[in-house]
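Results of the structural survey
Below, each chain spelled out in residue letters.
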Amino acid sequence: MLDHILACAQEFERAHGEQPNVVFINPGHHKALLTLYPALFERDPQLQLGLRLVIIPSSELTHPQAAYVAGYSACA
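Residues numbered from 1 in each chain as written. Predicted model: local features only at pLDDT ≥ 70, side-chain atom pairs only at ≥ 80, totals over all residues. Heavy atoms only, no water.

**Side note on the overall build of the chain**
This is how the line gets drawn: Helix numbers and strand numbers start at the N terminus; a helix is a DSSP run of H or I with at least 4 residues, a strand a run of E with at least 2. Contact definition: two residues touch when any of their heavy atoms are within 4.5 Å. Using a 1.4 Å probe, the Shrake-Rupley method yields the accessible areas, and only the shown protein chains count as cover for residues.
When helices and strands are tallied, the chain shows two helices and three strands. Going from N to C terminus, the chain has its helices and strands arranged as α-β-α-β-β. Looking at the chain alone, contacts between residues at least 24 apart form 77% of all its contacts between residues at least 6 apart. Split by element, the accessible area of the chain, about 5100 Å² in all, is 53% carbon and sulfur.

**Section: helix α1 (residues 2–16)**
Put simply, the rule reads: Expected helix span is taken as 1.5 Å per residue step, with the number of steps being one fewer than the number of residues. Classification of residues uses two cut-offs on accessible area relative to the type maximum, computed with a 1.4 Å probe and protein chains only: under 20% is buried, over 50% is exposed, and between them is partly exposed. For this quantity, the arc is that covered by the directions from the helix axis to the C-beta atoms.
Here α1 is 15 residues long and its end C-alpha atoms lie 21 Å apart, about the 21 Å a rise of 1.5 Å per residue gives. Among the residues making up α1, those that are buried are Leu2, Ile5, Cys8, Ala9 and Phe12. The arc that holds every buried residue of α1, seen down its axis, measures 125°, which confines them to one face. In α1, the exposed positions that point more than 90 degrees away from the buried face belong to Asp3, Arg14 and Ala15. Contacts made by the buried residues of α1 are with β1 (22–25), α2 (27–36) and β3 (65–67). Gly17, located one to two residues past α1, shows a positive phi value of around 75°.

**Considerations on the sheet that holds strand β2 (residues 52–55)**
Adjacent strands of a sheet pair through backbone hydrogen bonds, lying either parallel or antiparallel. Quick reminder of the rule: Each pair of strands is called paired provided DSSP finds at least two bridges between the two strands. Note on method: axes are straight lines fitted to C-alpha atoms, helices fitted across the in-contact stretch only, with angles between N-to-C directions ranging 0 to 180 degrees.
In spatial order, the strands read β2-β1-β3; together these three strands make up an open sheet with mixed pairing. The open sheet has two edge strands, β2 and β3, and neither has a second partner. Neighbour to neighbour, the strand axes of the sheet diverge by 30° on average, direction disregarded. With three bridges connecting them, β1 and β3 associate as antiparallel partners. Within the sheet, the bridge partner assigned to Val22 lies in β3 and is Ala67. Packing of α1 onto the sheet brings it into contact with β1 and β3, and relative to β3 it is tilted by some 40°. On top of the sheet, α2 reaches β1 and β2; it is set at about 105° to β1, its chief contact.

**Regarding the environment of Ser59**
Positionally, Ser59 belongs in the loop between β2 and β3. Using a relative accessible area of 72% as the deciding quantity, one classes Ser59 as exposed. Remark: the alpha-carbon pair of Ser59 and Asn26, spanning 33 residues in sequence, is separated by 8.6 Å.

**Comments concerning the nonpolar core**
The following threshold applies: Side-chain atoms within 4.5 Å link the members of a nonpolar core, which is a set of buried Ala, Val, Leu, Ile, Met, Phe, Trp, Tyr and Cys residues.
Counting 11 residues, the largest nonpolar core is built from Leu2, Ile5, Cys8, Ala9, Phe12, Val23, Ile25, Leu33, Leu40, Leu51 and Ala66. The set of elements that each furnish at least two residues to this core consists of α1 and β1. Counting residues per element, this core draws most heavily on α1, at five residues.

This is the structure we're talking about:
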């Protein structure tokens, strides 16, 4: 799952010439990340993605989607 999310971010950067600051995921993606990579969600994670994960309902999002949202902080 993480490799797919990172591939989405890289594809966005190739297509748009800038790094995304957001990746939209659905609750299933979030659950998989929590299961496979619980350290990503610790208070002070050793591994930081450099982008914000935003959870969107599964009915609206099938696959992770990277984006750049102006004025949106990648980490908060």
